[in-house]
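Reading the structure
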Amino acid sequence: MSVRVRFAPSPTGSLHIGSARTALFNWLFARHHGGKFLLRIEDTDSLRSTTENTKSIFEILKWLKIDWDEEPVIQSNRLERHKEVANNLLKNGAAYHCYCSQEELATKKERAVKSGKSYQYDRTCRNSNRKIDGINPVIRLKTEYSGNTTVDDIVQGEVTIHNSQLDDLILLRSDGTPTYMLSVVVDDHDMEITHVIRGDDHLTNTFKQIQIYNACHWNVPKFGHIPLIYGPDGAKLSKRHGAASADDYRDLGYLPEALSNYILRLGWSHGDDEIISREQAIEWFTLENVGKSPSRFDTPKLRSLNSHYIMEASNESLLERTLPFIRCEISEIQRSRILRGMNGIKSRAKTVIELADLASIYIAAPSNFDDSCTKYSTKQHIELLLDVISIIESTTPLLEEPLCEYVKELAKKKNVKLIEIAQAIRGALCGKLVSPSVFEIIEILGMEESISRIKRFVDYFK
RNA sequence: GUCUCCUUCGUCUAGGGGUCUAGGACACCGCCCUCUCACGGCGGCAACACGGGUUCAAAUCCCGUAGGAGACGCCA
């Protein structure tokens, strides 16, 4: 039987980074086994689900290069099927109507908690077979309460619980809508899912779901529960930590290659390998290599990976990715300057935002000069800059190498260190003392623009 | 509270009884390169949660303890 897995997000927000990893693991598992990767949108919580969220989930998955086979299943379209299954269970005695009111149950629960006991539905209606007119009953499953249930989880290993831990879960609410527990089981069965790979917050749900599978006499799929991702402080990763969704990281200037490499290595490993291509990931991925312990999200490592993928990317593709982060319209000449300067800035940027920031030197003259520049604005520096202007004017073609040589000669002649001249030029060209090589910048900006920027600096500090 | 799971450098991890004076990566620190900052190169710091077993031998197996996490909804 060929592998069929699914990723089943609820469109109640943007895609959490942990969910993105679940999607990636499912996708890799499917591709590794030559199986199918399906999508199911669990939108039955109509209050919180939106089509915008669904759209953004599709988009971010595409951005991460996670593609799916077959049409996505929209869970809300399957209500009738879910009801049908619940009613069948009712008919053959595997489920029953429960008339207990929510108030009644809340009281019982409160009492249990107060006396320090764990709460479970007490099966009043199952035992009494009561029927109360004027109340819409829920449908509950008759769960097995003796013996054990064991899940042979691919990631977690064998996990066993006593059936006495389970209570008679609700299949259909009093308004006739199915619960999550029912819907997942029915959908996974109908979609012929062979392996359910999801976050380990679902591990205990699995035992309940197995009861539903058994009641329906359906085959139980294999399960793999992967650990969650936590923030640096060990708490569940959330907005509180700054960024928690894949969209957040995209907007922060991370490359999809870097993000997916990072989340792949979070909780999964292949020996000492760190940089892993998609092809290698598909070849190497197995659930057995997923660790059982939860892991913490570490932004510095993501940044390092991102810088690696920035270095690896072609200058053209980097330019395309940088453009959306540049606020203003840019001309053809600015565009070609950025492209020529890309080699110089890509090693200095860890995110695309930083790339855009560095690229600004090729877009416009500095709007102001950093305080640090004043150190290189003394009378002597100004004189040196005037000499540099002459050098620029007389260097044809205006190339980095000869320019550098001539300025070095100037430094020797004037008996100053090269750094004194270079930093003054840098301040003039960029408005700050950190940038790529100043001679490279001059070559790219050309004579006119370079001299104009230096003159502005000279005038400003004269 | 009940049930379930987890615990190797700060972080992600390698490790399947002897090859572990515990390896790699990120971060951090030093040095080199150097027109600044990066990149790159070289080097350094740094961990088997604790306590008992089993064994000739334990990071590796077993049992406790402590700490952490998750689940206990007419949410998904």
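Everything quoted here is computed from the prediction, not taken from an experiment. (Residues numbered from 1 in each chain as written. Chains lettered and ligands numbered in written order. Predicted model: local features only at pLDDT ≥ 70, side-chain atom pairs only at ≥ 80, totals over all residues. Heavy atoms only, no water.)

1. Remarks on the packing of helix α16 (residues 400-414) against helix α18 (residues 438-461)
Going by this rule: A fitted line through C-alpha atoms serves as each axis, taken over the contacting stretch for helices, and the angle formed by two N-to-C directions is quoted from 0 to 180°. Helix and strand labels come from DSSP, where a helix needs a run of H or I of at least four residues and a strand needs a run of E of at least two; each type is numbered from the N terminus. Here roughly perpendicular refers to angles of 65 to 115 degrees, roughly parallel to angles under 35, roughly antiparallel to angles over 145, and oblique to all remaining angles. Helix crossings fall into two classes, left-handed where the near helix is turned counterclockwise from the far one by less than a right angle and right-handed where it is turned clockwise. Throughout, a residue-residue contact means that at least one pair of heavy atoms, one from each residue, lies within 4.5 Å. For this classification, Asp, Glu, Lys and Arg are treated as charged, while Ala, Val, Leu, Ile, Met, Phe, Trp, Tyr, Cys and Pro are nonpolar and the rest, including Gly, are polar.
Contact geometry of α16 with α18 gives a least axis separation of 9 Å together with a crossing angle of 125°. By the angle class used here, α16 and α18 are oblique. You can see that α16 and α18 cross each other, and the crossing is right-handed. Facing E400, L403, C404 and V407 of α16, the residues of α18 in contact are F439, E440, I442 and E443. Looking at the contact of α16 with α18, its residues break down into five nonpolar, no polar and three charged.

2. Observations regarding the packing of aromatic side chains
Let me state the cut-off plainly: Planes of paired rings set the category: under 30 degrees apart is stacked, over 60 is edge-to-face and the rest tilted, where pairs are Phe, Tyr or Trp rings (Trp by its six-membered ring) whose centres lie within 6.5 Å. We call a residue buried when its accessible area falls under 20% of the maximum for its residue type, exposed when it is over 50%, and partly exposed in between, using a 1.4 Å probe and counting protein chains only. Comment: the charge-over-ring label is applied if NZ (Lys) or CZ (Arg) is within 6 Å of the ring centre and within 35 degrees of the ring normal.
Taken as a whole and assessed by the stated rule, the structure comprises eleven aromatic pairs. Taken together, a centroid distance of 5.1 Å and an interplanar angle of 35° make the contact between Y249 and F297 tilted. Linking Y249 in helix α8 (residues 246-251) with F297 in the loop between β12 (295-296) and α11 (299-312), this pair joins segments that are 48 residues apart in sequence. A single burial state applies to Y249 and to F297, both of which are buried. Of the aromatic side chains, those joined through ring pairs into one cluster are Y249, Y254, Y262 and F297. One residue, R140, lies across the ring of Y121, its end atom 3.7 Å from the ring centre. Taking NZ or CZ as reference, R278 lies 4.9 Å from the ring centre of W27, over its face.

3. Considerations on the protein's contact with RNA strand B
Rule in force here: Whether a residue is near a molecule or strand is decided by its heavy atoms; if any one of them lies within 4 Å of it, the residue is near. Pairs of N or O atoms are called polar contacts if they sit within 3.5 Å, as long as, within protein, a hydrogen donor faces a hydrogen acceptor (for residues adjacent in sequence, only side-chain-to-side-chain pairs).
The environment of RNA strand B is made up of 64 residues, and the closest members are S10, Y230, R348, S435 and S437. Between RNA strand B and the protein, one listed contact pairs a phosphate oxygen with a backbone N or O atom of Y180 at 3.0 Å. Looking at the surface near RNA strand B, the elements with two or more residues in it are α4 (102-114), β7 (157-162), α6 (180-190), α7 (203-216), β12, α11, α17 (418-430) and α18. The element contributing the most residues to the surface near RNA strand B is α17, with five residues. Tallied by class, residues from the surface near RNA strand B come to 22 nonpolar, 23 polar and 19 charged.

4. Here's the deal with the side chain of T395
Mapping T395 onto the fold places it in the loop between α15 (379-394) and α16. Assessed through its relative accessible area of 4%, T395 is described here as buried.

5. A short note on the nonpolar core
The line we're drawing: By nonpolar core we mean a set of buried residues, namely Ala, Val, Leu, Ile, Met, Phe, Trp, Tyr and Cys, connected to one another through side-chain atoms within 4.5 Å.
Counting residues in hydrophobic clusters, the biggest one holds 102 residues, and the most contacted among them are L264, F285, F297, I421, I425 and I454. When residues in this core are grouped by element, the largest group, ten residues, is from α18. Each residue touching I425, except ones within four places of it in the same chain, is listed here: L385, V388, V438, F439 and I442. Counting 31 residues, the second-largest nonpolar core is a separate cluster that includes L141, I210, Y213 and W218.

6. Quick notes on the domain arrangement of chain A
Rule in force here: Domains are outlined according to an automatic or database domain assignment. Just to be clear on terms, a salt bridge is a Lys or Arg side-chain nitrogen sitting within 4 Å of an Asp or Glu carboxyl oxygen.
Structurally, chain A comprises domain 1 (4-71 + 229-297), domain 2 (76-226), domain 3 (313-362) and domain 4 (371-461). Measuring from the centre of the C-alpha atoms in domain 3 to the corresponding centre in domain 4 gives 23 Å. Contact residues are listed per partner, giving nine residues for domain 3 and twelve residues for domain 4. Inspection of the domain 3/domain 4 interface yields one salt bridge. Between R340 and E443 there is a salt bridge, and its shortest N-O distance comes to 3.5 Å. Here domain 3 is connected to domain 4 by two residue pairs in polar contact (both at pLDDT 80 or more). If you tally residues by element for the side of domain 3 that touches domain 4, the top one is helix α13 (residues 332-346), at five residues.

7. Some remarks on the environment of R130
Assignment of secondary structure puts R130 in the loop between α5 (124-128) and β5 (138-141). Sequence separation between R130 and Y254 is 124 residues; the distance between their C-alpha atoms is 59 Å. In contact with R130, not counting residues within four places along its chain, are Y99, C100, E104, T124 and C125.

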